[in-house]
Amino acid sequence: MPRTNRLILLPLFFLAALSSLAAEPQRKPADRATVSKSPDASLLKAMQWREVGPYRGGRADAVVGIANEPNTYYFGSTGGGVWKTTDGGQSWRPVSDGFFGGSIGAVAVAPSDPSVVYAGGGEETVRGNVSHGEGVWKSTDAGKSWSHMGLEDSRHIARIRVHPSNSDVVYVAAMGHTFGPNEMRGVYRSRDGAKSWERILFVNRDSGAVDLTMDPTNPRILYASTWRFRRTPYSFESGGDGSALWKSVDGGDSWKELSRAKGMPKGTLGIIGVTVSPSNPQNVYAIVEAKEGGVFR
């Protein structure tokens, strides 16, 4: 099986950060009188990144904020479950303890109802000590309690996207088993708040969905990437039949492959990250693992 020899995982986190710009909180009118539209650039030179914790919980695999609550964030960790802060990171508390734990690959808050939170089990970063999860969990009280909502055999959930005006419509990018083939992988959709699921994009038993993004101006337009990968105790394979970039314009009912569109790299493809510009949704960005890979627009 053809395969690429390098693995590009960090760009997915870069793309996730770009996607989060769409959820940037808007300032209240009262705040505008005290904040200039263009801050003095010299004021930013003294700013430095600092760690805000928490100091247990493993690697951070997923993070999400709430547009109208700028100090509230959730993150999913490897081996530590889901954590939440309501004071901008000054303090954190584990909100999944007592319900579930383990590794988390995706966390999403419903834009129309911030009390609805979805979490997907299994870390996205496939590495030597990768650990899987047990499907999808849902909270309807902002993380105070949780219910298990299926997709147990998906093992690794890389992305969860929720419809902007309907918290019951949710999409999941499921990577599937790391060490072998299985059926429960690809893109899944629920229209009843995760009570039931339908698989809407499936390539093969060796390739799962690793990224999923929604047009911020039209929730019927979705982009997804599928990835053929295989981990063994002594090796890792990335790329080959099944690695592709996809687009849907009907909410996931049908998909068109974009991987071989003009300008995309030739030959064997590996992992692909994708995002849509919040300022101009005609601009779609992809980071592609390939012999001549890189960032594509």
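Up top is the structure.
Throughout, residues of each chain are indexed from 1 in the direction in which the sequence is written. Totals for whole chains, interfaces and linings use every residue, but because this is a predicted model, local features are given only for residues with pLDDT of at least 70 and side-chain atom pairs only at 80 or more, for both listing and counting. Where side-chain values are given, they derive from all heavy atoms of the structure, hydrogens and water being excluded.

> Report on the pattern of salt bridges, specifying residues and quantitative values.
Any carboxyl oxygen of Asp or Glu within 4 Å of a side-chain nitrogen of Lys or Arg constitutes a salt bridge here. Evaluated as defined, the whole model comprises 11 salt bridges. A salt bridge links E123 to R59, with the shortest nitrogen-to-oxygen separation between them at 2.7 Å. One end of the pair, E123, is in the loop between β6 (117-121) and β7 (136-139); the other, R59, is in the loop between α2 (41-44) and β1 (60-66), and 64 residues separate them in sequence. A simple rule labels every residue: compare its accessible area, found with a 1.4 Å probe on the protein chains alone, to the largest value its type can have, and call it buried under 20%, exposed over 50%, or partly exposed in between. Residue E123 is classed as buried on the basis of its relative accessible area, which comes to 0%. Helix and strand assignments follow DSSP, with helices taken as H or I runs no shorter than four residues and strands as E runs no shorter than two, numbered in order from the N terminus.

> Describe the environment of H156, naming the residues involved and giving the relevant values.
Locating H156 in the fold gives a position in the loop between β8 (147-148) and β9 (157-162). Sequence-wise, H156 and G133 are 23 residues apart; in three dimensions their C-alpha atoms are separated by 6.2 Å. The contact criterion used is simple: two residues touch if any of their non-hydrogen atoms lie within 4.5 Å. Excluding residues that lie within four positions of it along the chain, H156 makes contacts with G121, G122, E123, V130, S131, H132, A173, A174, M175, G176 and T178. Here T178 takes part through its side chain, which lies 2.8 Å from a polar atom of the side chain of H156. N or O atoms closer than or at 3.5 Å make up a polar contact, with two conditions inside protein: a donor-capable atom paired with an acceptor-capable one, and, for residues adjacent in sequence, both atoms drawn from side chains.

> Mind laying out the sheet that holds strand β11 (residues 186-190), listing which residues take part and the relevant values?
DSSP bridges decide pairing: two strands pair if at least two such bridges lie between them. Reading across the sheet, the 4 strands line up as β9-β10-β11-β12 and stay open at both edges, with antiparallel pairing between neighbours. Each having just a single partner strand, β9 and β12 (198-201) make up the two edges of the open sheet. For this sheet, the mean inter-axis angle between neighbouring strands, taken without regard to orientation, is 25°. Across 5 bridges, the pairing between β9 and strand β10 (residues 170-174) is antiparallel. For R159, the partnering residue across the bridge sits in β10 and is A173. For helices, the fitted line uses only the C-alpha atoms of the stretch in contact; every axis is such a line through C-alpha atoms, and the angle between N-to-C directions lies from 0 to 180 degrees.

> I'd like a rundown of the nonpolar core, residues and numbers included.
The nonpolar core is taken to be a set of buried Ala, Val, Leu, Ile, Met, Phe, Trp, Tyr and Cys residues, with the residues joined through side-chain atoms within 4.5 Å. Ranked by size, the top nonpolar core spans 16 residues in total, and within it Y118, V136, I157, I160, V162 and V172 carry the most contacts. Where this core is concerned, the elements lending two or more residues are β5 (104-109), β9 and β10. Grouped together as the second largest cluster of nonpolar side chains are 15 residues, A62, V64, A142 and W146 included.

> An account of the pairing of β1 is needed here, citing residue identities and associated values.
In this structure, β1 lies alongside strand β2 (residues 69-77), joined through 6 bridges in antiparallel fashion. Across the sheet, residue A62 finds its bridge partner in β2, namely G76. Connecting the antiparallel pair β1 and β2 is a turn made up of 2 residues.

> Give a description of unusual backbone geometry that names residues and reports values.
Of note, L151 is a non-glycine position whose phi angle comes to about 60°, a positive value. One can find L151 in the loop between β8 and β9. Phi at A194 is positive, roughly 75°, even though this residue is not glycine. Examined against the element boundaries, A194 turns out to sit in the loop between β11 and β12. The class of A194 is buried, set by a relative accessible area of 1%.

> Which residues make up the sheet that holds β1, and what are the values?
In a beta sheet, neighbouring strands are held together by backbone hydrogen bonds and run either parallel or antiparallel to one another. Taken in spatial order, the 4 strands of this open sheet run β1-β2-β3-β4, and their pairing is antiparallel. Looking at strand neighbours, the two that pair on one side only are β1 and β4 (93-94), the edges of this open sheet.

> Explain the packing of aromatic side chains to me, using residue names and the numbers behind them.
For any pair of aromatic rings, geometry is given as the distance between the ring centres together with the angle between the planes. Paired rings are identified among Phe, Tyr and Trp, the last through its six-membered ring, by centres lying within 6.5 Å, and are further divided according to the angle between planes into stacked (under 30 degrees), edge-to-face (over 60) and tilted (the rest). One pass over the structure, following the stated rule, counts 6 aromatic pairs. Ring geometry for F100 and W137: centres 4.4 Å apart, planes at 15°, overall stacked. Of this pair, F100 sits in the loop between β4 and β5 while W137 sits in strand β7, and the two are 37 residues apart along the sequence. With respect to burial, F100 and W137 carry one shared label: buried. Here a set of aromatic residues connected by ring pairs shows up, and it is made of F75, W83 and W92. Only lysine NZ and arginine CZ atoms are considered, and such an atom sits over a ring when it is within 6 Å of the ring centre and within 35 degrees of the ring normal. The ring of F202 carries R199 above its face, with NZ or CZ at 3.8 Å from the centroid.

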